[in-house]
Amino acid sequence: MELYAIVAYDTPSDSRRAKLARLLKGFGERRQFSVFECRLRREHWALLKAKIEDLVDKDEDVLAVYFLPPEAVGRTYRIGHEAIKRLDEPEFI
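Parameters at a glance
Residues numbered from 1 in each chain as written. Predicted model: local features only at pLDDT ≥ 70, side-chain atom pairs only at ≥ 80, totals over all residues. Heavy atoms only, no water. Pairing = 2+ DSSP bridges. Helix = DSSP H or I, 4+ residues; strand = E, 2+ residues; numbered from the N terminus. Axes fitted to C-alpha atoms, helices over the stretch in contact; angles between N-to-C directions. Contact = heavy atoms within 4.5 Å. Parallel < 35°, antiparallel > 145°, perpendicular 65-115°, else oblique. Nonpolar A, V, L, I, M, F, W, Y, C, P; charged D, E, K, R; others polar.

Asker: What exactly am I supposed to notice about the sheet that holds strand E2 (residues 28-32) here?
Answerer: Each strand in a sheet pairs with another by means of backbone hydrogen bonds, the pair being arranged parallel or else antiparallel. In spatial order, the strands read E2-E3-E1-E4; together these four strands make up an open sheet with antiparallel pairing. This sheet does not close on itself; its edge strands, each paired only once, are E2 and strand E4 (62-68). Neighbour-to-neighbour, the strand axes of the sheet open up by a mean angle of 25 degrees, direction not taken into account. Where strand E1 (residues 2-10) and strand E3 (residues 35-41) come together, seven bridges link them in antiparallel fashion. Residue pairing for E3: Ala8 is matched across the bridge by Val35. Here helix H1 (residues 14-25) sits on the sheet in contact with E1, E2, E3 and E4, set at roughly 165 degrees to E1. Helix H2 (residues 42-55) contacts E1, E3 and E4 of the sheet and is inclined by roughly 135 degrees relative to E3.

Written out as structure tokens, the structure is:
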């Protein structure tokens, strides 16, 4: 089973910012400067989580991982970036 996750981070450290970007590029796709979309199997999440916890300075940085159901990918509205397919309007429930 895959998990669909949005990872967003902010840090005042240029070196940690670069390390986080390199790390997350190995697990997902960059959508904005500090926002990544990831599709992760459980074992990949365990590895990513351990690496994030080693890298993030809990006193200076903020990192959030939002887990969404797989159908959320089809309900995503995007504008811009040619490589990202723009999806139709989502249905409201």
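Asker: Could you clarify how one ought to interpret the packing of H1 against H2 in this entry?
Answerer: Two quantities define a packed helix pair, namely the angle between the helix axes and the distance between the axes. Direction vectors running N to C along H1 and H2 enclose 175 degrees, while the axes themselves pass 11 Å from each other. One element, H1, and the other, H2, form an angle in the roughly antiparallel class. Where H1 approaches H2, its residues Arg16, Lys19, Leu20, Leu23 and Leu24 are matched on the opposing element by Leu48, Lys51, Ile52 and Leu55. For the contact of H1 with H2, the residue count by class is six nonpolar, no polar and three charged.

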